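Structural description and commentary
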Amino acid sequence: INSSGTDFDYKDTCKWAKEFPMCGEKFQSPINIKIPNLESLGELPPLKWNGYENAPTTMTLVNSGHSITLTGQWDDNNIPYITDGPLTDAYIFEQLHFHWGPNDSVGSEHKMNGNSFPLEMHMVHFKKEYETFSNAVKYSDGLTVVGLFFDISPMGSEALTAILGGVSAVSSSKDPFELDPFELSSFNVAIAAVQFATYAGSLTTPPCSQSVIWILPINTLNVSSKQMKKFRNIELNHGDTHNYRPTQPLNGRSIHIFTQ
Ligand code: 1SD
Ligand code: ZN
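What comes next concerns the included structure. (Residues numbered from 1 in each chain as written. Chains lettered and ligands numbered in written order. Predicted model: local features only at pLDDT ≥ 70, side-chain atom pairs only at ≥ 80, totals over all residues. Heavy atoms only, no water.)

1. Things to note about the coordination of the zinc ion (ligand 2)
When a metal carries six donors in an octahedron, the ideal angles between them are 90 or 180 degrees, while four donors in a tetrahedron ideally lie at 109.5 degrees. The protein atoms that coordinate the zinc ion (ligand 2) are H97 (NE2), H99 (NE2) and H122 (ND1), at distances of 2.0 Å. Taken together, the four donor atoms coordinating the zinc ion (ligand 2) and their angles of 99 to 114° define a geometry best described as tetrahedral. In the primary structure, the donors to the zinc ion (ligand 2) are separated according to the pattern H-x1-H-x22-H. Of the two residues, H97 sits in strand 7 (residues 91-100) while H122 sits in strand 9 (residues 119-127), which places them 25 residues apart along the sequence. Neither H97 nor H122 differs from the other in exposure class; each is buried. (Donors = N, O, S within 2.8 Å, 3.2 Å for Na, K, Ca; no water. Tetrahedral: all angles 85-135°; square planar, octahedral: opposite > 155°, others 65-115°. Helix = DSSP H or I, 4+ residues; strand = E, 2+ residues; numbered from the N terminus. Buried < 20%, exposed > 50% of the residue type's maximum accessible area, 1.4 Å probe, protein only.)

In structure tokens form, the structure reads like this:
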């Protein structure tokens with residue numbers, strides 16, 4: 001057990017609830033999204049990405065032992081945040097990280113019509129009103145996570161190249177690595193003009209707080225086999241070879257769809 005009391009592994013995720021009771025609650029993530037069953041949210045304003053074109057002053061990649069996490073520091077007026085779509089307030093960018101598995105048939109946390117993808121990226125944001133990420137997790141509307149699916153394509157993704165440029169430095173080290181700062185807009189540009197699914201759920205890792213408005217574009221970005229190999233070379237805690245949680249029961253929640 002580490003000092004923050006959040007030591008866990010992916011060998012038997014059903015055991016998480018013993019130590020982290022919220023992992024056993026009813027509205028957990030990830031889930032399987034069955035497209036034909038979705039209700040329409042009707043005409044929502046498009047999701048708006050603000051400040052994503054601003055490069056941060058510093059950018060850091062770290063191996064948390066459960067994923068690689070990218071954070072940045074922006075000058076006060078330049079911090080990226082999202083608004084609109086299903087959101088009622090500004091949600092400030094906190095970090096992004098990835099989920100993958102040992103081969104291409106698994107890896108994503110969410111499924112679409114029962115299908116997994118080899119890679120899912122999570123862009124974690126907290127509600128501005130709640131001021132910090134750690135305070136925001138206490139509220140049911142505290143966080144919004146945009147989850148992007150990646151599928152294998154020989155071309156791969158340029159947006160991932162910048163991140164993976166620093167990955168060898170953190171693959172078997174917990175020391176943070178400073179990347180040459182770059183703007184995150186390549187990710188939101190890649191999902192312009194697509195449909196999104198949205199539902200209320202949780203963090204997919206302990207403590208599994210039910211504080212997340214999930215936003216999932218119903219399309220995929222590209223990742224090459226070579227890029228996937230770099231993810232699979234990352235040493236995770238406890239010798240884990242995957243870091244996706246299995247899908248959880250919907251328990252009556254509705255999933256809504258909207259277009260931007
Ligand atoms: O798995 C991540 C976890 O690593 C941490 O980043 C947490 C919030 O910082 O979020 C979860 S998740 O629900 O975004 N997968
Ligand atoms: Zn995640």
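There is more to say, and it comes next.
2. Regarding the site of ligand 1
Contacts to ligand 1 come from Q95, H97, H99, E109, H122, V124, F133, L203, T204 and T205. Within the contact set of ligand 1, a nitrogen atom lies 3.3 Å away from a side-chain nitrogen or oxygen of H122. Surface burial for ligand 1 is 86%, taken as the share of its 350 Å² of free accessible area covered by protein chains. Those elements that place two or more of their residues in the shell around ligand 1 are strand 7 and strand 9. Looking at which element gives the most residues to the shell around ligand 1, the answer is strand 7, with three residues. For the shell around ligand 1, the class distribution of residues is three nonpolar, six polar and one charged. (Near = heavy atom within 4 Å. Polar contact = N/O pair within 3.5 Å; in protein donor to acceptor, adjacent residues only side chain to side chain. Areas by Shrake-Rupley, 256 points an atom, 1.4 Å probe, with all protein chains shown as cover. Nonpolar A, V, L, I, M, F, W, Y, C, P; charged D, E, K, R; others polar.)

3. As for unusual backbone geometry
The amide bond that connects S29 to the next residue, P30, takes the cis arrangement and shows omega of 0°. Relative to the helices and strands, P30 resides in the loop between helix 1 (16-19) and strand 1 (32-33). Note the cis peptide between P206 and P207, where omega equals 10°. Mapped onto the secondary structure, P207 falls in the loop between strand 12 (195-201) and strand 13 (212-217). At C208, a position not held by glycine, the phi torsion is positive, near 60°. If you trace the backbone, C208 turns up in the loop between strand 12 and strand 13. Backbone geometry places N251, a non-glycine residue, at a positive phi of 50°. Within the secondary structure, N251 is located in the loop between helix 6 (225-232) and strand 15 (256-259). For N251, a relative accessible area of 36% gives the class partly exposed.

4. Quick notes on the environment of I152
Within the secondary structure layout, I152 lies in strand 10 (residues 143-152). Accessibility expressed as a relative area gives 32% for I152, which makes it partly exposed. Separated by 82 residues in the primary sequence, I152 and I234 have C-alpha atoms spaced 19 Å apart.

5. Describing helix 6
Buried residues of helix 6: Q227, M228 and F231, and no others. In an axial view of helix 6, the angular spread of the buried residues amounts to 100°, which keeps them on one side of the axis. Opposite the buried face of helix 6, by more than 90 degrees, sit the exposed residues K226 and K229. Each element contacted by the buried residues of helix 6 is listed here: strand 5 (68-73), strand 7, strand 9, strand 10, helix 3 (158-164) and strand 14 (220-223). (Arc of directions from axis to C-beta. Contact = heavy atoms within 4.5 Å.)

6. A closer look at the nonpolar core
The nonpolar side chains of a soluble globular protein tend to be buried, and buried together. Ranked by internal contacts, the top residues of the largest apolar core, which has 43 residues, are L96, F98, M123, F187 and F231. Looking at this core element by element, the count peaks at five residues for strand 7. Those residues in contact with M123 that sit more than four places away from it in its chain are W49, Y52, F93, Q95, L96, T144, V145, V146, L148 and F187. The next biggest cluster of nonpolar side chains, apart from the first, holds 21 residues, and it includes F117, V124, V212 and I255. (Core = buried A, V, L, I, M, F, W, Y, C linked by side-chain atoms within 4.5 Å.)

On their own, these measurements won't tell you what the molecule is for.
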